[in-house]
Amino acid sequence: MCTTAETTGRCRAAVREVKEESGLELSAVRELFAVTSDRGVTTRCFLMSEATAEPRLGIDPEEQHLPPEERMLRAVAWRTLKSLRDDVQVKYVLLALGR
């Protein structure tokens, strides 16, 4: 669980991002992993509670000023793990979950 002060802050941020970008109100169970790129950018992945609603396209507040065609968020959809099996981040998730 996200119990220490450090992980609680990161978990809250992950929950907020999911809500902003998909409209889903989830809770963070735990941080699965963190990966730092060659450029020093750290990407963190969290195990979240199961969604009980359908996602909807939200807005990234940092991109609100941009016209829709220039925003990173353009669609939202459920995808199967099979369809994402070659995605590097999905591979990390599966390893972190012991699968």
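The coordinates are above.
Here's a quick rundown of the structure. (Residues numbered from 1 in each chain as written. Predicted model: local features only at pLDDT ≥ 70, side-chain atom pairs only at ≥ 80, totals over all residues. Heavy atoms only, no water.)

**Describing the nonpolar core**
Point 1. The biggest cluster of nonpolar side chains holds eight residues, and these are Cys2, Cys11, Ala14, Leu24, Leu26, Ala28, Phe46 and Met48.
Point 2. Once residues lying within four places of it in the same chain are set aside, the contact partners of alanine 28 are Cys2, Cys11, Val15, Leu47 and Met48. (Core = buried A, V, L, I, M, F, W, Y, C linked by side-chain atoms within 4.5 Å. Buried < 20%, exposed > 50% of the residue type's maximum accessible area, 1.4 Å probe, protein only. Contact = heavy atoms within 4.5 Å.)

**Topic: the pairing of strand β1 (residues 28-36)**
Point 1. As defined by bridge partners, β1 adjoins strand β2 (residues 42-48) across seven bridges and the pair is classed as antiparallel. What sits directly across from arginine 30, in β2, is leucine 47.
Point 2. Hairpin connection of β1 to β2: five residues between the antiparallel strands, including glycine 40 at a positive phi of 85 degrees. (Pairing = 2+ DSSP bridges. Helix = DSSP H or I, 4+ residues; strand = E, 2+ residues; numbered from the N terminus.)

**Thoughts on a nonpolar patch on the surface**
Point 1. Judged by side-chain polarity, Val88, Tyr92 and Leu95 come together as a nonpolar surface patch covering roughly 320 Å² of accessible area.
Point 2. In this structure, valine 88 sits in helix α2 (residues 88-96).
Point 3. For valine 88, a relative accessible area of 53% gives the class exposed. (Patch = residues over 30% accessible without salt bridge, like charges linked within 9 Å, V, L, I, M, F, W, Y side chains within 5 Å. Areas by Shrake-Rupley, 256 points an atom, 1.4 Å probe, with all protein chains shown as cover. Salt bridge = Lys/Arg side-chain N within 4 Å of Asp/Glu carboxyl O.)

**Considering the pattern of salt bridges**
Point 1. Throughout the structure, instances matching the rule amount to three salt bridges.
Point 2. Ionic pairing is found between lysine 19 and glutamate 25, a salt bridge with its closest N-O pair at 3.5 Å.
Point 3. On the basis of relative accessible area, lysine 19 is assigned to the partly exposed category, the value being 43%.
Point 4. For glutamate 25, a relative accessible area of 65% puts it in the exposed group.
Point 5. Put simply, Arg10, Glu31 and Arg44 are held in one network by salt bridges that share partners.

**Description of α2**
Point 1. At the N-terminal end of α2, a side-chain oxygen is found 2.8 Å from the backbone nitrogen of glutamine 89, two or three residues along, and the residue is aspartate 87.
Point 2. Glycine 98 sits one or two positions beyond α2 and adopts a positive phi of about 75 degrees. (Polar contact = N/O pair within 3.5 Å; in protein donor to acceptor, adjacent residues only side chain to side chain.)

These values are about where atoms sit, not about what they do.
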